[in-house]
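# Coordinate inspection notes
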Amino acid sequence: MSHLLIAIDKLRQTTLGTKWEGRLYLVGGIVRDELLGRPLPPDVDIVTEADALELAHWLHTQGITDHLPVTYPRFGTAMVHIEGVQVELVTARRESYSADSRKPVQVQPATLREDAFRRDLTVNTLMRNLHTGELLDLTGMGLSDLQAGLLRTPLEPMVTFEEDPLRAMRAVRFAAQLGFDIEPGTYDAICKTAHRLQIISKERIRDEFTRLLQATEAVKGLWLLLETGLLEQFAPELARMRGVEQNQYHLYDVWEHTLVAFSHLPPDASLVLRLATLLHDVGKPLTRTVDERGVHFYGHQNVGAQIAGQVLRRLRYSNDIVEQVVQLVRLHMRPGEYDYSWSDAAVRRLIRDADGLLQELLTLVRADIAASNPAFPKADIDALQRRIELLTAREDVQSLDSPLTGREIMQILGIPPGKQVGECKQFLLNEVIEGRLAPDDKESATRLLLERFG
């Protein structure tokens, strides 16, 4: 039995014979995904007309929670962990909002039915009694929409999205995650309220965007983001790729090419690889030129790397993710230039420049090539991979370094610490990479150093 099911059973057994028996309801993703036969989510939401905060503290006194509850009295919610599983306990509530914030200005206890109608989508309103197993469809639409594969809001959609614009992002994310369609009235309301996404924190947008990119039908979600106008609100640089025509080496405009490339990523592709693929040609709109030889995008990889950094920092991605994505975008043209005339030194430089991201880079380039015009010859990435494997089998390319330390260089040349020491080290490292100097040959390194800088 999974930790999730163990946690649910522990909660069920602990509350049997208490005032909470029969008053606790599983709600949201766990009910929806169980009915769909999908893998269950990693966490649990419980709604009750009783006091969720009181329940959370009582559960802790019974010794079944992993820690003291984290409570949010204003919202009537509490967070606990049982058997390592996050359990959110929610007092059924109704809310009212101000026009400039997604945070409710007033939260009041309510019935389960009122709580269901305040939720984002009908398929997320289904509730199952923790103790009896009874299934509740209090909006009267949840089960039919689930069976029809349809996403709609419980209330009039303009009201739902005006109150909390993040729900529009969630609707698109669930379309990508579940493969569902968005009901026409709900879709229209998303388009009309897209501009209100501006009041949502970038962290919350980032989290929904990340979930969308990792969804089974992420490409569908990306199209929806573009067409509804949501993408323009947080990543206009991506939206500008639509309609940017390319040269004869491509079958699609920049946006379409990007999504075809994205569709060729393996199912287990990392978030870094997904972001890099989405952003690999983001520099093309700014670098597009046309002359008698056709359309060009000179230096788009460098411009794209700068833009990618700006987009990801705006969305508050971690520095580690930003740096890796920027590196992949900057390098994505290099493997595509491979041919059999490449020297070992050129292969070594690619390995070192990729700096631990080599496999992600090659996967990105394979997807990029798969989305290009097959009528034109392409670099043999499999042959490049074999070269890399042969080279790394006989030497540790990443650890290559100058045979002389900075201190030794200063002693040999009689120079103080400074920029010239770094230049000397770089010169010697380059000789090593080119294969003209062994990494441990201090004698030859000294001779070369004196010839060049002495």
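Overview of the structure. (Residues numbered from 1 in each chain as written. Predicted model: local features only at pLDDT ≥ 70, side-chain atom pairs only at ≥ 80, totals over all residues. Heavy atoms only, no water.)

## Describing the overall build of the protein
- When its secondary structure is counted, the protein shows 23 helices and 13 strands.
- Dimensions of the protein, computed from C-alpha atoms along their principal axes, come out at roughly 90 × 60 × 40 Å.
- Out of the 454 residues in the protein, the part that is buried amounts to 52%.
- Counted over contacts in the protein with a minimum sequence separation of 6, partners at least 24 positions apart contribute 65%.
- Accessible surface, the protein: about 20,700 Å² in total, of which carbon and sulfur atoms supply 50%.
- Of the charged side chains in the protein, 52 are positive and 64 negative; the average position of the first set lies 3 Å away from that of the second. (Helix = DSSP H or I, 4+ residues; strand = E, 2+ residues; numbered from the N terminus. Buried < 20%, exposed > 50% of the residue type's maximum accessible area, 1.4 Å probe, protein only. Contact = heavy atoms within 4.5 Å. Areas by Shrake-Rupley, 256 points an atom, 1.4 Å probe, with all protein chains shown as cover. Lys, Arg positive; Asp, Glu negative; His and termini not counted. Charge placed at Lys NZ, Arg CZ, Asp CG, Glu CD.)

## Quick notes on the pairing of strand S4 (residues 77–82)
- Burial runs high along S4: 5 of the 6 residues are buried.
- Pairing of strand S3 (residues 70–72) with S4, which is carried by 3 bridges, proceeds in the antiparallel orientation. Across the sheet, threonine 71 pairs through a bridge with alanine 78, a residue of S4.
- Joining the antiparallel neighbours S3 and S4 is a turn of 4 residues, in which glycine 76 adopts a positive phi near 65°.
- In terms of strand pairing, S4 meets strand S5 (residues 85–91) through 6 bridges, oriented antiparallel. Counterpart to threonine 77 in the pairing with S5 is valine 90.
- Taking the residues between adjacent antiparallel strands as the criterion, S4 and S5 are bridged by 2 residues, where glutamate 83 takes a positive phi near 55°. (Pairing = 2+ DSSP bridges.)

## Quick notes on helix H3 (residues 52–61)
- Listed in full, the buried residues belonging to H3 are Ala52, Leu53, Leu55, Ala56 and Leu59. End-on view of H3: buried residues confined to an arc of 160°, all on one side of the axis.
- Between a side-chain oxygen at the N-terminus of H3 and the backbone nitrogen of leucine 53 the separation is 2.9 Å; the capping residue is aspartate 51.
- Just downstream of H3, glycine 63 is the residue with a positive phi angle, here 80°. (Arc of directions from axis to C-beta. Polar contact = N/O pair within 3.5 Å; in protein donor to acceptor, adjacent residues only side chain to side chain.)

## So, the sheet that holds strand S8 (residues 127–129)
- Spatial strand order, S3-S4-S5-S2-S1-S8-S9: 7 strands in an open sheet with mixed pairing. In this open sheet, the two edge strands, each paired with only one partner strand, are S3 and strand S9 (135–136).
- Strand direction decides the pairing type here: strand S1 (residues 24–27) and S8, joined by 3 bridges, are antiparallel. Bridging across to S8, leucine 26 finds its partner in arginine 128.

## Description of the pattern of salt bridges
- A full pass over the atoms with the stated rule returns 31 salt bridges.
- Linking arginine 12 and aspartate 9 is a salt bridge whose minimum nitrogen-to-oxygen distance equals 3.1 Å. Of this pair, arginine 12 and aspartate 9 are both found in helix H1 (residues 3–15), 3 residues apart, which corresponds to roughly one turn of the helix.
- With relative accessibility at 24%, the residue arginine 12 sits in the partly exposed group. (Salt bridge = Lys/Arg side-chain N within 4 Å of Asp/Glu carboxyl O.)

## Things to note about the layout of surface pockets
- Of the volumes computed, that of the second largest pocket is approximately 690 Å³.
- Forming the boundary of the second largest pocket are 28 residues, of which Asn247, Tyr249, His250, Met333 and Gly336 lie nearest the centre.
- Going through the elements one at a time, strand S13 (294–296), helix H16 (300–314) and helix H19 (358–370) are the ones with two or more residues in the lining of the second largest pocket.
- Grouping the amino acids of the lining of the second largest pocket by side-chain chemistry returns 10 nonpolar, 12 polar and 6 charged. (1 Å grid on protein atoms, 1.4 Å probe; cavity = no way out; pocket = protein on both sides within 12 Å on 5 of 7 lines; lining within 4 Å. Points joined across faces, edges and corners; volume = space filled by probe spheres on them. Nonpolar A, V, L, I, M, F, W, Y, C, P; charged D, E, K, R; others polar.)

## Observations concerning the nonpolar core
- Within the largest apolar cluster, 132 residues are counted, with the highest numbers of intra-cluster contacts made by Phe209, Leu225 and Phe234.
- Top element by residues in this core is helix H7 (residues 166–178). It accounts for 9 residues. (Core = buried A, V, L, I, M, F, W, Y, C linked by side-chain atoms within 4.5 Å.)

## Details of the packing of aromatic side chains
- Taken as a whole, this structure holds 7 aromatic pairs when the rule is applied.
- With centroids separated by 5.0 Å and ring planes inclined at 45°, the aromatic side chains of tryptophan 20 and tryptophan 58 adopt a geometry described as tilted. Highlighted residues: tryptophan 20 in the loop between H1 and S1 and tryptophan 58 in helix H3, separated in sequence by 38 residues.
- Judged by its relative accessible area of 4%, tryptophan 20 falls in the buried class.
- We classify tryptophan 58 as partly exposed; its relative accessible area is 22%.
- Taken together, a centroid distance of 6.1 Å and an interplanar angle of 65° make the contact between tyrosine 338 and tyrosine 340 edge-to-face.
- For tyrosine 340, a relative accessible area of 63% translates into the label exposed.
- The residue whose ring lies beneath arginine 173 is phenylalanine 174, and the NZ or CZ to ring-centre distance is 4.3 Å.
- Between lysine 284 and the ring centre of phenylalanine 297, over which it is positioned, the NZ or CZ distance is 4.8 Å. (Phe/Tyr/Trp six-rings, centres within 6.5 Å; stacked < 30°, edge-to-face > 60°. Lys NZ or Arg CZ within 6 Å of the ring centre and 35° of its normal.)

Structural measurements only, silent on function.
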